[in-house]
Amino acid sequence: MRVAQRWILKDASMREEYLRRHREIWPEMKELLHKAGYRNYSIWLSGTDIFAYYEVDDPDKLIQTLEASEVRSRWEDYMRPLIYLGENDIPESLEEAFWLE
């Protein structure tokens with residue numbers, strides 16, 4: 001399954017800090033992403049818009065793994081001052097308009 005999501009930087013001045021935090025992503029966060037089943041995960045910026053794309057074979061496992069993780073909670077708390085995740089801290093899911101395999 002391919003997934004695309006969008007969230008927003010709270011202010012354009014936070015861009016460099018957002019990038020720095022991802023360049024220095026915690027090893028335990030990377031480990032959690034692999035454990036949850038993320039593949040081909042990338043994040044893109046355009047102004048204050050943040051777009052993420054990833055692939056996952058088992059979305060239920062991904063959700064369960066993340067929800068049970070203290071690392072995810074700490075990461076979200078760490079990033080929350082910089083970004084608006086969406087209502088109930090859930091990023092906006094994007095609708096796929098085209099795919100060329």
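Thresholds applied
Residues numbered from 1 in each chain as written. Predicted model: local features only at pLDDT ≥ 70, side-chain atom pairs only at ≥ 80, totals over all residues. Heavy atoms only, no water. Core = buried A, V, L, I, M, F, W, Y, C linked by side-chain atoms within 4.5 Å. Buried < 20%, exposed > 50% of the residue type's maximum accessible area, 1.4 Å probe, protein only. Helix = DSSP H or I, 4+ residues; strand = E, 2+ residues; numbered from the N terminus. Contact = heavy atoms within 4.5 Å. Salt bridge = Lys/Arg side-chain N within 4 Å of Asp/Glu carboxyl O. Pairing = 2+ DSSP bridges.

S.K.: Outline the nonpolar core, supporting the account with residue identities and numerical values.
M.R.: Grouped together as the largest cluster of nonpolar side chains are 23 residues, with contacts concentrated most on W7, Y18, M29, Y38, L62 and I83. If you list the elements that add at least two residues to this core, you get β1 (2-9), α2 (27-36), β3 (49-55), α3 (59-67) and α4 (70-79). With four residues, α2 is the largest single contributor of residues to this core. Among all residues touching I83, those that are not within four sequence positions of it are W7, I8, L9, K10, Y18 and I50.

S.K.: Quick rundown of the pattern of salt bridges? Include the residues and the values.
M.R.: Counted by the stated rule, this structure contains 13 salt bridges. The partner of R74 in a salt bridge is E28, and the shortest N-O contact between them spans 3.1 Å. Of this pair, R74 sits in helix α4 while E28 sits in helix α2, placing them 46 residues apart in sequence. Overall, the relative accessible area of 32% leaves E28 in the partly exposed class. Here R80 ties to E76 by a salt bridge, and the two come within 3.9 Å at their closest N and O atoms. Within the structure, one salt-bridge network assembled from shared partners comprises E17, R20, R21 and E24.

S.K.: Could you give me a rundown of the pairing of β3, with the residues and numbers involved?
M.R.: Of the strand pairs in this sheet, β1 and β3 are connected by seven bridges, and their pairing is antiparallel. Its bridge partner being in β3, R6 is matched across the sheet by F51. With six bridges connecting them, strand β2 (residues 39-46) and β3 associate as antiparallel partners. Of the residues in β3, the one forming a bridge with W44 is F51. Taking the residues that link successive antiparallel strands as the turn, the β2-β3 hairpin has two residues, and the phi of G47 there is positive, at about 65°.

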